[in-house]
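Remarks on the overall topology
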Amino acid sequence: MEINKYYLLMIRELRTLIAITQHGTFAAAADRLHVTQAAVSAQMKRLEAELGFSIFERQGRNTVLNMHGKRVLLQTSDILSLYDQLVEPKTQTTRHILTIGAIASMQRNL
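The rules behind the values
- Residues numbered from 1 in each chain as written.
- Predicted model: local features only at pLDDT ≥ 70, side-chain atom pairs only at ≥ 80, totals over all residues.
- Heavy atoms only, no water.
- Helix = DSSP H or I, 4+ residues; strand = E, 2+ residues; numbered from the N terminus.
- Areas by Shrake-Rupley, 256 points an atom, 1.4 Å probe, with all protein chains shown as cover.
- Core = buried A, V, L, I, M, F, W, Y, C linked by side-chain atoms within 4.5 Å.
- Buried < 20%, exposed > 50% of the residue type's maximum accessible area, 1.4 Å probe, protein only.
- Contact = heavy atoms within 4.5 Å.
- Salt bridge = Lys/Arg side-chain N within 4 Å of Asp/Glu carboxyl O.

Turning to the overall build of the protein chain, a few remarks are in order. Helix and strand content of the protein chain: five helices and two strands. Listing each helix as α and each strand as β along the protein chain from the N terminus yields α-α-α-β-β-α-α. Taken as a whole, the protein chain presents about 8600 Å² of accessible surface, with 56% of it coming from carbon and sulfur.

If you want it as structure tokens, here you go:
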């Protein structure tokens, strides 16, 4: 099953939301994510547009999560955890133990 690129963009935007809340500002999140502040702002605008409501209260240069944003943040943690569990098996290597038996006469030849 292939995951739609649209949903991957939403995952990126949700990770950006987490970074904003962890680092306090759009600028700090941008530095941490190695993108521009404008990219972070654009991602949050797309996220708000997709959700259909504002998740931040903008007070001058400061942004604070509003009531809706706090609810989204709680759900975001769950969504990202579930997504990571879906992706995780692809990145893990599986180890199997193979036991080989041989009769004594064969062992001498090896």
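Here the focus is the nonpolar core. Leu17, Ile20, Phe26, Met44, Leu47, Ile55 and Phe56 are the most contacted members of the largest nonpolar core, which has 19 residues in total. Sorting the residues of this core by element identifies helix 1 (5-23), helix 2 (26-33), helix 3 (37-51) and helix 4 (67-91) as the ones contributing at least two each. Tallying contributions element by element places helix 1 first for this core, with seven residues. Every residue in contact with Ile20, bar those within four places of it in the chain, is listed here: Thr25, Phe26, Ala29, Val40, Met44 and Phe56.

The next point concerns the pattern of salt bridges. Applying the stated criterion to the full structure yields three salt bridges. Among the ionic pairs, Arg46 bridges to Glu13, the shortest N-O distance being 2.6 Å. Within this pair, whereas Arg46 is found in helix 3, its partner Glu13 is found in helix 1, the two being separated by 33 residues in sequence. By relative accessible area, which is 39% here, Arg46 ends up partly exposed. Note that Glu48 and Arg58 form a salt bridge whose closest N and O atoms lie 3.2 Å from each other. Taken together, the positions of Glu48 in helix 3 and Arg58 in strand 1 (residues 56-59) put the pair ten residues apart, joining distant regions of the chain. For Glu48, a relative accessible area of 12% translates into the label buried.

All we've got here are geometric facts, nothing functional implied.
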